[in-house]
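Listed below are the residues making up each chain.
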Amino acid sequence: MNTLPPSFSRRALLRSTAAVALAVPAAGLLAACAGSSGDSGTAAEGKVTAANPFGVAEDAALDVVVFKGGYSDDYAKFDEKLYAKKFPKAKVSHSGITEIGTELQPRFVAGDPPDVVDNSGAKKMVLGTLVADGQLANLSDLLKAPSADDPDTTVEDTLLSGALDPATFDGKVMGLPYVFTVSGFWYSKTLLDKHGWTWPTTWDGLTALAAKIKKAGIAPFAYGGTTAPDYFFSPLMALAAKQGGVDVIKAIDNLEAKAWQAEPVKAAAEAIASLASSGYFLKGSEGLDHTQAQTAWVQGKAALYHSGSFIENEMKAITPDGFDMVFGTVPPLSKTGSLPQTALHAVAGEIYVVPAKAKNVRGGKEYLRTMLSKEAAVNFTKTTHALTVVKGATGEEDFGSTALGSVTKAIDAAGDDLFSYLFPSWYADLATTLKTEIANLLAGRTDAAVFLSKMQAKADAVAADSSITKFKR
Amino acid sequence: MNHGKTRIILLFLALPLTLYAVLVVSPYAQAFQISLTSWSGFTADKPFVGFDNFQRLLQDPEFWRALAHNGLLLVVVPLVTIALGLFFAAMLNVGGSGGKVAGVRGSAFYSRVYFLPHILPVVITAVLWQFIYNPQIGLLNGGLEAIGLGGLAHSWLGDPTVALWALIGVLVWAGVGFYVVLFSAAMQSIPKDIFEAAELDGAGRFQTLTRITLPLLRETVQVAWIYLGIHALDAFALFMVLAPSGGPDNSTMVLSQYLYLSAFQKGNFGYATAIGVLLSLLSLLMTALTFGTSRKKTTIEF
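Keep in mind the model is a prediction, meaning the values are calculated, not measured.

Thresholds, definitions, all that
Residues numbered from 1 in each chain as written. Chains lettered and ligands numbered in written order. Predicted model: local features only at pLDDT ≥ 70, side-chain atom pairs only at ≥ 80, totals over all residues. Heavy atoms only, no water. Helix = DSSP H or I, 4+ residues; strand = E, 2+ residues; numbered from the N terminus. Buried < 20%, exposed > 50% of the residue type's maximum accessible area, 1.4 Å probe, protein only. Contact = heavy atoms within 4.5 Å. Areas by Shrake-Rupley, 256 points an atom, 1.4 Å probe, with all protein chains shown as cover. Lys, Arg positive; Asp, Glu negative; His and termini not counted. Charge placed at Lys NZ, Arg CZ, Asp CG, Glu CD. Salt bridge = Lys/Arg side-chain N within 4 Å of Asp/Glu carboxyl O. Buried area = accessible area lost by both parts, 1.4 Å probe. Nonpolar A, V, L, I, M, F, W, Y, C, P; charged D, E, K, R; others polar.

Trainee: Looking at this model, I keep getting lost on the overall build of chain B. Mind explaining?
Mentor: If you tally the helices and strands in chain B, you get 13 helices and zero strands. The helix and strand sequence of chain B, counted from the amino end, reads α-α-α-α-α-α-α-α-α-α-α-α-α. Sorting the 302 residues of chain B into buried and exposed places 42% on the buried side. Sequence-distant contacts, at least 24 apart, represent 64% of the contacts inside chain B between residues at least 6 apart. Counting only carbon and sulfur atoms, one obtains 68% of the accessible surface of chain B, whose full area is about 16200 Å². Positive and negative charge centroids in chain B, built from 16 and 14 side chains respectively, lie 9 Å apart.

Quick look at the structure:
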């Protein structure tokens, strides 16, 4: 007895639902198979020559995924053209996306990652996790390879000092930070000139300037308390480093006992806390996000804003004409400190990685070598007004930007006195605590002593937690 | 033909049950399985660690803090939203004066105004309130100063004592319109003669509300309570936009946000999934409690 009504459409519906029901677990199986495929991806190999140091196979496709954020992705398309010129038989595919982690995580899990990834943006993948999981190719051979412009110079020699630190894990370079950012105070030259103020060379000079600014009816400093209070942690570390030397920072990064209680760190935290207690912050800063705070700054409600050199590009659309954005190096607590006044907190960002399981690892490295050529670096700076890690690529050229000009000058003055701290990118737990506690300090909810003891307690907890992979520098 | 019947039943049930098992039950089971691992989210293999994640959670002060915030939301948000919803619905439908059962003057206009926030996507609501709460140029502080209450101005999202309440305010603002409509529909299905009889007996507006309307709306209110409770346990999108890192001094961190930050900022999917498992258990528990405590009731028919 046929119990089903002889209606075609209903049967067809049932059949298609059954197909879906079967297809779902099947897709899971596929993913599982792909996941176990292992490390066979590096097989494609060409001949190693002076022009092709990694032995890229001529016709191996290259899959590039770029974060399409503040710098857009046009510069990457330019670099891809350079690569394609070298390997005309290779098919270069490009995707400029914003949600790096969301889109790439499944590909990593399935063992099918792209050949080059610009791991940046709010949805970037946690670098330390990728390294700990063995997902990234070691780039030491890239650094030892001859540079694209001069066969007698290695790639490493063309890079600014400290540029590789953020991607160095236990001495191994696992990524290439491409954009070079220095942090300091930003101000409108026009505003300072109008009042006859000049950028100070000592911390006392800075607080005296702040007092004058306040008297003139402008808030001396602003910060974005809800999203980026940690922008203002950079001057704290700069003061500590200039006072006590880079070892002070290294001790903090290495989770050493009492690192946060060192005298220079204490003095630095007290100096920052005194800005809060003197009422030098724009009222309500703790409730602004960094965009709102930066906006208040370009509108002239606050005179000084601490940020990285990416700020010019970020605020391009709303900066009024004649603002003349200029960079000011954080002045030291005393003239007899361990680092000169010109020393800079410098971090290279936009970290490019080559996944270990990529199909064309050699091509990925070759692409990075191409990105580090003078031609590619100059093009990047020209289009974004941001500097790359390539030393002196743009010379004195400022492409019509007071901000870029002042940053280039500051980097020249600093020479090799560049420093950075890495613990927030190494230990996510510590990064979230830092965000909370520096916000408390800036809002005047805690004082320097409480701030330091809370950071020390969290650092000790991370050090004692065996489940967290530790790094040393 | 009993045999044939069983076959039909099996045939018709097998498919939806399979679908349900594959698409609904298995992800839950998988989530539970992941919560027992230290999976980072990027590898094919997931190292098994037993109940470690749950043990860690119980000792994690930030987890307890987030849980407490969810607890507060769970009490305050439904209470305030339902109270306001009932009040507005009553005013719109039976609150009018003048001898007949109708809403206050202009009720058609008000009902549209109340509903408006509900049709905005959550993210837009959040961005809107970002501007309202802006301590520099915000509407709220500006408004307070304009009416001479400048002393009440706050850095709403930057002050740990008020930040959570500021977010609760937005939750209620965005939610109340829907419940006004829900309660209105329920009130309109109550026969008018009941209200007329009450009025003839000399009942005032307040008495009508508490003695007639509310008891007859019991079941609707109960449903609303569950909806709002689940809403309060989640509260993710709004909190993520208005207080992306958990608010000043973690004062607005909720479980769903802690889950997200653990997974995507700390690269710790196993731990995050354990939070998710606890969160879903809490939702189930809350639903069971709400239905359980209100089992006994006399249905009023009209």
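Anyway, onward from the coordinates.
Trainee: Could you clarify how one ought to interpret unusual backbone geometry in this entry?
Mentor: With glycine set apart, most residues show a phi of negative sign, and most peptide bonds adopt trans. Even without being a glycine, Leu255(A) presents a positive backbone phi close to 60°. Counting through the fold element by element, Leu255(A) comes out in the loop between helix H9 (246–253) and helix H10 (263–277). For Leu255(A), a relative accessible area of 10% corresponds to the buried category. For Asn250(B), which is not glycine, the phi torsion reads 60° and is therefore positive. Mapping Asn250(B) onto the fold places it in the loop between helix H11 (236–242) and helix H12 (255–265).

Trainee: What is the right way to look at the side chain of Ser406(A) in this model?
Mentor: All names here are of chain A. Here serine 406 is to be found in helix H15 (residues 402–414). For serine 406, a relative accessible area of 13% gives the class buried. Here serine 406 is in contact with Val326 and Phe327, once residues within four sequence places are set aside.

Trainee: Explanation requested: the pattern of salt bridges in the structure shown.
Mentor: Once their charged atoms are close, side chains differing in charge can pair, the charge on each being opposite to the other. Residue and element names in this part refer to chain A. According to the stated counting rule, one finds 16 salt bridges over all chains in the structure shown. A salt bridge links aspartate 112 to arginine 107; the shortest N-O distance between them is 4.0 Å. With a relative accessible area of 25%, arginine 107 lands in the partly exposed category. Put simply, glutamate 263 and lysine 266 hold a salt bridge, and the shortest N to O gap is 4.0 Å. Within this pair, glutamate 263 and its partner lysine 266 are both found in helix H10, separated by three residues, close to a single helical turn.

Trainee: Hey, could you run me through the interface of chain B and chain A in this one?
Mentor: Note: interface size is frequently given as the accessible area lost on complex formation between the parts. Each side of the interface is counted separately: chain B has 37 residues, and chain A has 42 residues. Summed over both partners, the interface of chain B with chain A buries about 3200 Å², with 60% contributed by carbon and sulfur atoms. Remark: the boundary between chain B and chain A carries two salt bridges. For Asp465(A), the salt bridge goes to Arg56(B), with nearest N and O atoms at 3.0 Å. If you list the elements that add at least two residues to the side of chain B that touches chain A, you get helix H1 (2–34) and H12 of chain B. Looking at the side of chain B that touches chain A residue by residue, the class counts come to 20 nonpolar, twelve polar and five charged.

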